[in-house]
Amino acid sequence: MAGTNSDRLAMRASAGDRLALIAASFERLAGRPLIEPSSDGLEQAMWDAPHAIVAHGTEAEPLFFYGNRVALGLFAMTAAEFIGLPSHRSAEPALREARARMLAGLEQGGIVEGYSGVRIAADGRRFVIAGASVWNLVDESGQAHGQAATFAEWRFL
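None of the values given here were measured: they were computed from a predicted structure. (Residues numbered from 1 in each chain as written. Predicted model: local features only at pLDDT ≥ 70, side-chain atom pairs only at ≥ 80, totals over all residues. Heavy atoms only, no water.)

(A) Looking closely at the environment of Thr58. Looking at the secondary structure, you find Thr58 in the loop between β1 (52-56) and β2 (64-67). For Thr58, a relative accessible area of 53% translates into the label exposed. Between the alpha carbons of Thr58 and Asp48 there is a distance of 26 Å; along the sequence they are ten residues apart. (Helix = DSSP H or I, 4+ residues; strand = E, 2+ residues; numbered from the N terminus. Buried < 20%, exposed > 50% of the residue type's maximum accessible area, 1.4 Å probe, protein only.)

Set out below in structure tokens:
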């Protein structure tokens, strides 16, 4: 079952320092916080957020290194299944070109707001995401660490 404490710990280990970069990059580019501040700390607040949060690295074929509880539930995966998954495989094959164009658009402003697309879960269920924000993960020195996305709207097809 996705979203267990062991999944949370695996995601924390996978993301490492990039966990804080996900939130900091979003706030810098979007001008608003990714999550509400919590006394439980950033890692727990991101895990428990009511919206999906995912991130992939800078590999030639980018691999997911983070997905919160909501994301794992939507994609019907455990942390072990999600970590290292090529991120393009989260989109339907016919729609991967549109996803690639959206990612190329990040080069201009570092963030794309209002993105919509169809995703596919491990169990084969398809779902539409809407109103997604997708942004570049860039540290203070300007080094790229990948991209991340968040969305709170989805519907299963």
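(B) The arrangement of the pairing of β1 in detail. Counting buried positions along β1 yields five of five residues, so the element is predominantly enclosed. On β1, burial covers both faces: Ala52, Val54 and His56 on one face and Ile53 and Ala55 on the other are all buried. Relative to strand β5 (residues 144-151), β1 runs antiparallel, the two being bridged by five bridges. From the neighbouring strand, Ile53 faces β5, where its bridge partner is Thr150. The pairing of β1 with β2 spans three bridges and is antiparallel. (Pairing = 2+ DSSP bridges.)

(C) Seen up close, the nonpolar core. Counting 45 residues, the largest nonpolar core has Ile22, Leu34, Met46 and Tyr66 as its most contacted members. By residue number, the principal contributor to this core is strand β4 (residues 126-138), which donates six residues. (Core = buried A, V, L, I, M, F, W, Y, C linked by side-chain atoms within 4.5 Å.)

(D) Main features of unusual backbone geometry. Its identity is not glycine, yet Ala76 carries a phi of approximately 55°, on the positive side. Looking at the secondary structure, you find Ala76 in the loop between α4 (69-75) and α5 (79-82). Judged by relative accessible area, Ala76 falls into the partly exposed class, the value being 31%.

(E) Helix α2 (residues 18-30), seen in detail. A rise of 1.5 Å per residue sets the reference length of α2, with its 13 residues, at 18 Å; its end C-alpha atoms lie 18 Å apart and thus fit the reference within 8%. Directly after α2, the chain includes Gly31, whose backbone phi takes a positive value near 75°. (Expected span 1.5 Å × (residues − 1).)

(F) Broad picture of the pattern of salt bridges. Evaluated as defined, the whole model comprises six salt bridges. In this structure, Asp48 and Arg69 form a salt bridge, with 3.8 Å as the shortest nitrogen-oxygen distance. Within this pair, whereas Asp48 is found in helix α3 (residues 42-48), its partner Arg69 is found in helix α4, the two being separated by 21 residues in sequence. Look at Asp48 and you get partly exposed, because its relative accessible area is 36%. (Salt bridge = Lys/Arg side-chain N within 4 Å of Asp/Glu carboxyl O.)

(G) Geometry of the side chain of Arg8. Structurally, Arg8 can be placed in helix α1 (residues 5-15). A distance of 2.8 Å separates the side chain of Arg8 from the side chain of Asn5, its partner in a polar contact. Within polar-contact distance, the side chain of Arg8 engages the side chain of Gln44 at 3.4 Å. Dropping the residues within four chain positions of it, Arg8 is found in contact with Glu43, Gln44 and Trp47. (Polar contact = N/O pair within 3.5 Å; in protein donor to acceptor, adjacent residues only side chain to side chain. Contact = heavy atoms within 4.5 Å.)

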